[in-house]
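Structural description and commentary
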Amino acid sequence: PLLCDHDSFLMDTIYGAHESPSGIRIFNKCRLFLQVLTVAEITNGEGTKLLLSPLGGNQPSPFRNITWPNQGRPTQKEWKIWEMMLRQHFCTNNLTLRNPLGKWNTPTTPSWWYSRSEDALYYGQLSDDVCQHWILSSYRRRSRSHTYHLSRPFPLPSDLTLAVCETRGTSTVYHGSAPVKQSAPA
C-alpha cells in the first residue's frame with residue numbers, strides 16, 4: 001500500500017509518462033536494486049524532497065517487509081538515467097517534489113520515530129511500550145543531517161512523528177519526520 005497522503009507508485013508514474021521501453025527497464029532495474037515501490041520511500045521525512053543517497057544507488061532504510069528479487073547493481077550510466085527520470089517526473093528543482101507528500105499512514109512494521117522534545121530517535125512499533133532509543137551524537141549544519149547512536153531501551157514520549165533515517169555503519173542519520181494520521185475510533 002501507499003505509505004502516506006499523496007504518495008504514488010514510482011512505476012505507475014514512469015509508465016504513464018510514455019518513456020522508452022529501455023528507459024523504463026533501466027528505471028525499474030534501479031528501483032528493484034534499491035527495493036522501493038513508492039515516492040515516499042526515497043524522500044525526506046517531511047515528504048518535500050528526494051533523498052540524495054538513493055539517487056546514487058544507496059539503499060534507503062526499508063519501509064516494507066517484502067521478499068525482493070535479486071537485482072544486480074546498475075551501472076553508473078544507469079544510475080544517471082534513474083536520477084534524470086526522477087528529477088524529470090517528480091521534482092521541480094533541487095530535488096524538491098512537485099507534489100509534496102502528506103501525513104504518514106500508521107506503519108505495520110518496526111519504524112523510526114522522532115521526538116522533538118527529547119531530540120531523540122526511537123526504533124520499533126508504536127504498539128510496543130518500549131523501543132530502542134537513539135540519542136544525538138553530532139549535527140552537520142551544511143547538510144542539516146543529525147547522527148544518532150544507540151542508547152538504551154526507554155519508554156516512549158508522547159510527541160513521536162514518523163522519521164526517515166539511514167543507517168551508516170554504527171550511526172543512524174535522521175532525514176526529517178512528519179506526523180502519522182490518527183486512526184479512526186472504532
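Look up a bit, the structure's there.
Residues numbered from 1 in each chain as written. Predicted model: local features only at pLDDT ≥ 70, side-chain atom pairs only at ≥ 80, totals over all residues. Heavy atoms only, no water.

Note: α-helices contain 3.6 residues per turn, so residues at a spacing of three or four share the same orientation. Look at helix α3 (residues 76-90): 21 Å from first C-alpha to last across 15 residues, which is about the 21 Å you get at 1.5 Å a residue. Considered for burial, the residues of α3 that qualify are Glu78, Trp79, Trp82, Met85, Leu86, His89 and Phe90. Mapping the buried residues of α3 onto a view down its axis gives an arc of 125°, with all of them on the same face. Among the exposed residues of α3, those pointing more than 90 degrees away from its buried face are Gln76, Lys77 and Lys80. Those residues of α3 that are buried are in contact with α1 (10-16) and α2 (21-34). (Helix = DSSP H or I, 4+ residues; strand = E, 2+ residues; numbered from the N terminus. Expected span 1.5 Å × (residues − 1). Buried < 20%, exposed > 50% of the residue type's maximum accessible area, 1.4 Å probe, protein only. Arc of directions from axis to C-beta. Contact = heavy atoms within 4.5 Å.)

Our focus in this paragraph is unusual backbone geometry. Backbone geometry places His6, a non-glycine residue, at a positive phi of 70°. You will see that Gln35, though not glycine, has its phi angle at about 60°, which is positive. Position of Gln35 among the secondary structure elements: in the loop between α2 and α3.

What follows covers the nonpolar core. Counting 36 residues, the largest nonpolar core has Leu10, Phe27, Leu50, Trp82, Leu86, Phe90 and Trp104 as the members making the most contacts within it. For this core, the secondary structure elements donating two or more residues are α1, α2, α3, β2 (120-124) and β6 (160-168). With sequence-adjacent residues up to four places away left out, Trp104 is seen in contact with Leu3, Cys4, Ala40, Gly45, Phe63, Leu162, Val164, Ala178, Pro179, Val180 and Lys181. Counting residues in hydrophobic clusters, the runner-up holds six residues, among them Trp112, Tyr114, Leu121 and Tyr174. (Core = buried A, V, L, I, M, F, W, Y, C linked by side-chain atoms within 4.5 Å.)

Let us look at the packing of aromatic side chains. In this structure the tally under the stated criterion is four aromatic pairs. Ring centres of Trp79 and Trp82 lie 6.3 Å apart, and the angle between their planes is 85°; on these two criteria the pair is classed as edge-to-face. One end of the pair, Trp79, and the other, Trp82, are both in helix α3, three residues apart, so they sit about a helical turn from each other. Per residue, the accessibility class of Trp79 equals that of Trp82, and both read buried. Put simply, the rings of Phe27, Phe33, Trp79 and Trp82 touch in pairs and so form one group of aromatic residues. (Phe/Tyr/Trp six-rings, centres within 6.5 Å; stacked < 30°, edge-to-face > 60°.)

Keep in mind these numbers describe shape, not what the thing actually does.
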